[in-house]
Amino acid sequence: TMGGYNSGRRRRYASKADSMHDISLAQLRRWDVLRPSHRETLTWSRNDNVTGKTGFEIDQASIVLHYSHQRDENSEPGSIRERFPFAYTDQNFGGKRRWFVCI
């Protein structure tokens with residue numbers, strides 16, 4: 001029967017949430033790295049094994065991430081450079097909150 005259990009197209013290499021890495025503006029703020037012209041490398045690890053690494057640089061209007069990504073174990077890694085602009089919202093008691101704009 002068409003449309004039954006496990007039918008349809010599926011990605012062969014599905015991503016799992018626990019294998020993903022995140023970048024938090026709150027954490028970057030606590031580390032005091034949200035300064036223009038600041039460059040650094042973030043490294044993630046689990047059980048003393050490096051699971052991911054990305055370089056980043058900050059300018060007045062955005063964060064730029066540069067990293068490698070390998071689609072699967074049989075493909076060549078590709079170099080990626082992505083810019084995420086900052087957006088700002090006013091806060092009720094003054095000041096502004098900074099956000100990433102994912103485009």
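Residues numbered from 1 in each chain as written. Predicted model: local features only at pLDDT ≥ 70, side-chain atom pairs only at ≥ 80, totals over all residues. Heavy atoms only, no water.

Draft legend 1. Structural context of the packing of aromatic side chains. In this structure the tally under the stated criterion is one aromatic pair. When the centroid spacing of 6.3 Å and the interplanar angle of 25° are considered together, the rings of F86 and F100 count as stacked. Of the two residues, F86 is situated in strand β4 (residues 78–90) and F100 in strand β5 (residues 96–100); the sequence distance between them amounts to 14 residues. The side chain of R98 reaches across the aromatic face of F86, ending 4.8 Å from its centre. (Phe/Tyr/Trp six-rings, centres within 6.5 Å; stacked < 30°, edge-to-face > 60°. Helix = DSSP H or I, 4+ residues; strand = E, 2+ residues; numbered from the N terminus. Lys NZ or Arg CZ within 6 Å of the ring centre and 35° of its normal.)

Draft legend 2. Expanded view of the nonpolar core. The biggest cluster of nonpolar side chains holds 12 residues, and these are L25, L28, V33, L34, L42, W44, F56, I58, I63, L65, F84 and F86. The contacts of L65, once residues within four sequence positions are left out, are I23, T54, G55, F56, I80, R81, E82 and F84. (Core = buried A, V, L, I, M, F, W, Y, C linked by side-chain atoms within 4.5 Å. Buried < 20%, exposed > 50% of the residue type's maximum accessible area, 1.4 Å probe, protein only. Contact = heavy atoms within 4.5 Å.)

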